Amino acid sequence: MAFVLVLNSGSSSIKFQLVDPNQSATDKPEVSGLVEQVGEPLGAITVKVRGEEIREELPIPTHADGLERAFGIMHDHGVGPTDVEVTAVGHRVVHGGRLFSEPQLIMDQIESMIEDLIPLAPLHNPANLDGIRVARALLPDIPHVAVFDTAFFNQMPPAAALYAINREVASEYDIRRYGFHGTSHEFVSQQVPGLLGRDPNHTRQITLHLGNGASAAAIANGRAIDTSMGLTPLAGLAMGTRSGDIDPGIIFHLVREAGMSIDEIDNLLNRESGVKGLSGVNDFRELRRMIDEEDQDAWLAYNIYIHQLRRFIGSYMIALGRVDAITFTAGVGENDTEVRQDSLYNLDMYGIHFDKEANLVRSKEPRMISTADSPVKVFVVPTNEELAIAQKATVIGDMAREAGLFN
């Protein structure tokens, strides 16, 4: 059996999976793991092999040390990258800027281009790049493929992609709406036409990726025409710890009146806002418990979250003109029945006939939660970004071998 090693490298962590690109979206990976607290006095490596969990705590000075030891643990259990057939390594890269609308075989020039994009994603692209360089050094004879979070939104119409600011300033500093969670939105939206029994080229849909980070997308005939996140993942919906859309003047006000620095405002809006900033928690299970105990801050946080979500659903229905499906995915979208019900409450006049009983069904399979006669169908479709990356990496890896670049 052939596998793809999927890597998601963060500033102090590396997530990885060994994925069969032909598996179903709900199948568990052969191997998964996490290297965490890289650069801290004490780190940890957790590897799961066919359900068995192996954990080691040790200093992990660098990403290279962590990944090398993770490969060693995998090798001890017969599933290291050199023990099984690994046909490609797929790397999640957050920001592809205007340069990348498709996955890319990683050569030295592509590395340099990803490095050039660091100003657009200073927290993410450097870490992604570290993972690429470490993995290429450890596995030099396997095709490495970059899959970009922003790629799916690269070709959005200018009216949706551009901001109403001075065009020369925007051009010089690459300011536009890039969008994120693109791998998830694309993966989920590709499953919807089959659930509808419609031609993908004649399907209009709204996808809602609702996790700790959250984004919405409007997709017409397989192409994204709008999305809620912008130049950065801070824009759009209210999220677990991020504010989502705010009046830009708030930033100037905080600088002038509160004497806050740019870094302090960055931390406020990215890590101390959203549901957490309003209620003190960002886990929706804890938020639900607080609401049940009649905590007014939690109730307000939830209502703001739902209000923002409904605003985007409504605006995208207008942008699309006709909507065939609305789909929920990711942690909150797949598991929180109240969020799904409340975000679509009382929208029968717009062709959305919600089925409350179907919504309560727990399943890891794609499922419909609208009535059978609803003009706009509503689905829950589990996302699997790792599988999507593995499938894309397989295609590029096969092309690289056919071109004689790898054996």
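Everything numeric in this text was worked out from a predicted model, so none of it was measured.

About the cut-offs
Residues numbered from 1 in each chain as written. Predicted model: local features only at pLDDT ≥ 70, side-chain atom pairs only at ≥ 80, totals over all residues. Heavy atoms only, no water. Helix = DSSP H or I, 4+ residues; strand = E, 2+ residues; numbered from the N terminus. Rg over C-alpha atoms; globule rule 2.2 N^0.38 Å. Buried < 20%, exposed > 50% of the residue type's maximum accessible area, 1.4 Å probe, protein only. Contact = heavy atoms within 4.5 Å. Areas by Shrake-Rupley, 256 points an atom, 1.4 Å probe, with all protein chains shown as cover. Lys, Arg positive; Asp, Glu negative; His and termini not counted. Charge placed at Lys NZ, Arg CZ, Asp CG, Glu CD. Domains from an automatic or database assignment. Buried area = accessible area lost by both parts, 1.4 Å probe. Salt bridge = Lys/Arg side-chain N within 4 Å of Asp/Glu carboxyl O. Polar contact = N/O pair within 3.5 Å; in protein donor to acceptor, adjacent residues only side chain to side chain. Nonpolar A, V, L, I, M, F, W, Y, C, P; charged D, E, K, R; others polar. Pairing = 2+ DSSP bridges. Phe/Tyr/Trp six-rings, centres within 6.5 Å; stacked < 30°, edge-to-face > 60°. Lys NZ or Arg CZ within 6 Å of the ring centre and 35° of its normal.

With respect to the overall build of the chain
Scanning the chain from N- to C-terminus turns up 15 helices and 14 strands. Taken over the C-alpha trace, the chain has a radius of gyration of 22 Å; the compact-globule value for 407 residues is 22 Å, and the two agree within 12%. Dimensions of the chain, computed from the C-alpha atoms along their principal axes, are close to 60 × 55 × 50 Å. Here the chain holds 407 residues, and 51% of them are scored as buried. Considering only intrachain contacts with a sequence separation of at least 6, the fraction spanning at least 24 residues in the chain is 61%. Surface exposure of the chain reaches about 19200 Å², of which carbon and sulfur atoms provide 50%. The chain carries 34 positive and 56 negative side-chain charges, and their two centres are separated by 5 Å.

Here we look at the domain arrangement of the chain
Along its sequence, the chain is carved into domain 1 (3–172) and domain 2 (199–329 + 331–382). Using only C-alpha atoms to locate each centre, domain 1 and domain 2 end up separated by 26 Å. Counting residues at the interface gives eleven residues for domain 1 and 13 residues for domain 2. A buried area of about 1100 Å², summed over both sides, lies between domain 1 and domain 2, and 62% of it is on carbon and sulfur atoms. Remark: the boundary between domain 1 and domain 2 carries zero salt bridges. There are three residue pairs in polar contact (both at pLDDT 80 or more) connecting domain 1 and domain 2. Class assignment for the residues of the side of domain 1 that touches domain 2 results in eight nonpolar, three polar and no charged.

A short note on the pairing of strand S2 (residues 13–19)
In terms of burial, S2 is largely enclosed, as five of its seven residues are buried. Examined bridge by bridge, strand S1 (residues 2–9) and S2 share six bridges and lie antiparallel to one another. By the bridge assignment for S2, Ser 9 is matched with Ile 14. The turn joining S1 and S2, which pair antiparallel and follow one another in sequence, is formed by three residues. In this structure, S2 lies alongside strand S3 (residues 31–36), joined through six bridges in antiparallel fashion. Counted as the bridge partner of Leu 18 is Val 31 from S3.

Topic: the side chain of His 144
Here His 144 is to be found in strand S8 (residues 144–148). His 144 sits in the buried class, given a relative accessible area of 2%. Those residues in contact with His 144, other than ones at most four positions away along the chain, are Val 89, His 91, Gln 104, Leu 105, Ile 106, Ala 135, Arg 136 and Leu 139.

As for the packing of aromatic side chains
Working definition: an aromatic ring pair is given by the centre-to-centre distance plus the angle between the planes. By the definition in use, this model includes five aromatic pairs. Each ring, one from Trp 299 and one from Tyr 302, has its centre 6.1 Å from the other, and the planes form 25°; the classification is stacked. One end of the pair, Trp 299, and the other, Tyr 302, are both in helix H11 (residues 296–320), three residues apart, so they sit about a helical turn from each other. Cation over ring: Arg 176 sits above Tyr 178, and NZ or CZ is 5.5 Å from the ring centre.

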